[in-house]
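If you want the building blocks of each chain, they are given just below.
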Amino acid sequence: MATEVVPVVQLSGVRIERGGRAILRDASLSVPAGSITAVLGPSGSGKSTLLAALTGELRPVSGSLQLFGAPIPGSQRALLELRKRMGVLLQGNGLLSDLDVFENVALPLRTHTDLPDAVIAELVLMKLNAVGLREAGQLEPTQLSGGMARRVALARAMVLDPPLMLYD
């Protein structure tokens, strides 16, 4: 007997509005687990709006939007739990200027886990190594080039090994 594969992302007839203006109309999308999917379009076509909906920041006016086979929760606590299962890399790098590179990457681990400092250090170094910045841990965000800052933000987005990565 075949088991049904539940898509990681499932949109069906989604309409999203901002300021009374429809940004997405009748949007449908199915993204299976393990796949890489790109949403392309010109500036203003709704790509960032779609990402905001996937993170629960925006709610569809109509249609169905599901992540991991369930609707995006309405409660803040449940939404925070869902967000732990996704890594998000937005257009700006979002690095905190009062934390060095190491601590910027460690932040999700310190916030969402009870891992010992030694394990956190190993995970942070692994992710920094994965983006080619293993030796940059002590640098401040202001000391980074734009590309380096983007890679640090990517390491931070990946540090919890989320099953869903969203890039803007």
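Our subject is the structure listed above.
Residues numbered from 1 in each chain as written. Predicted model: local features only at pLDDT ≥ 70, side-chain atom pairs only at ≥ 80, totals over all residues. Heavy atoms only, no water.

Draft legend 1. Seen up close, the overall build of the protein chain. Helix and strand content of the protein chain: five helices and six strands. Ordered by position from N to C terminus, the α and β elements of the protein chain give β-β-α-β-β-α-β-α-α-α-β. In terms of overall dimensions, the protein chain has a C-alpha envelope of 45 × 45 × 30 Å along the principal axes. Pairs at least 24 apart in sequence give 59% of the contacts found in the protein chain among residues at least 6 apart. Summing over all exposed atoms, the protein chain offers an accessible surface of approximately 9700 Å²; the carbon and sulfur share of this is 54%. In the protein chain, 16 positive and 15 negative side-chain charges are present, and the distance between their average locations comes to 8 Å. (Helix = DSSP H or I, 4+ residues; strand = E, 2+ residues; numbered from the N terminus. Contact = heavy atoms within 4.5 Å. Areas by Shrake-Rupley, 256 points an atom, 1.4 Å probe, with all protein chains shown as cover. Lys, Arg positive; Asp, Glu negative; His and termini not counted. Charge placed at Lys NZ, Arg CZ, Asp CG, Glu CD.)

Draft legend 2. Layout of the nonpolar core. Grouped together as the largest cluster of nonpolar side chains are 22 residues, with contacts concentrated most on Val9, Leu11, Leu54, Leu65, Leu67 and Leu164. Where this core is concerned, the elements lending two or more residues are β1 (9–18), β2 (21–31), α1 (47–54), β3 (62–67), α2 (76–83) and β6 (164–167). Counting residues per element, this core draws most heavily on α1, which supplies five residues. In this view, Leu65 contacts Gln10, Leu11, Val14, Ala53, Leu54, Pro60, Ala70, Pro71 and Ile72; residues no more than four positions away in its chain are not counted. (Core = buried A, V, L, I, M, F, W, Y, C linked by side-chain atoms within 4.5 Å. Buried < 20%, exposed > 50% of the residue type's maximum accessible area, 1.4 Å probe, protein only.)

Draft legend 3. Looking closely at the pairing of β3. Bridge count for β1 against β3 is five bridges, and the pairing is antiparallel. The partner of Ser12 across the bridge, within β3, is Ser64. Hairpin connection from β3 to strand β4 (residues 70–71): two residues lie between these consecutive antiparallel strands, with Phe68 at a positive phi of about 55 degrees. (Pairing = 2+ DSSP bridges.)

Draft legend 4. Focus on the packing of helix α3 (residues 101–112) against helix α5 (residues 146–158). Packing of α3 against α5 brings their axes to within 7 Å, and their N-to-C directions diverge by 30 degrees. Judged by the inter-axis angle, α3 sits roughly parallel to α5. Our pair here, α3 against α5, has a crossing hand that is right-handed. On α5, the residues that touch Val101, Asn104, Val105 and Pro108 of α3 are Val152, Ala155 and Arg156. Residues that form the contact of α3 with α5 fall into these classes: five nonpolar, one polar and one charged. (Axes fitted to C-alpha atoms, helices over the stretch in contact; angles between N-to-C directions. Parallel < 35°, antiparallel > 145°, perpendicular 65-115°, else oblique. Left-handed = near helix turned anticlockwise from the far one by under 90°. Nonpolar A, V, L, I, M, F, W, Y, C, P; charged D, E, K, R; others polar.)

Draft legend 5. Spotlight on the packing of aromatic side chains. Within the structure shown, the criterion is met by zero aromatic pairs. Geometry around Phe68 places Arg85 over its ring, the cationic atom sitting 3.7 Å from the centre. (Phe/Tyr/Trp six-rings, centres within 6.5 Å; stacked < 30°, edge-to-face > 60°. Lys NZ or Arg CZ within 6 Å of the ring centre and 35° of its normal.)

Draft legend 6. How the structure looks around unusual backbone geometry. One non-glycine residue with positive phi stands out, namely Phe68, at about 55 degrees. Within the secondary structure, Phe68 sits in the loop between β3 and β4. Despite not being glycine, Asp161 shows a phi value in the positive range, around 50 degrees. As for its placement among the helices and strands, Asp161 is situated in the loop between α5 and β6.

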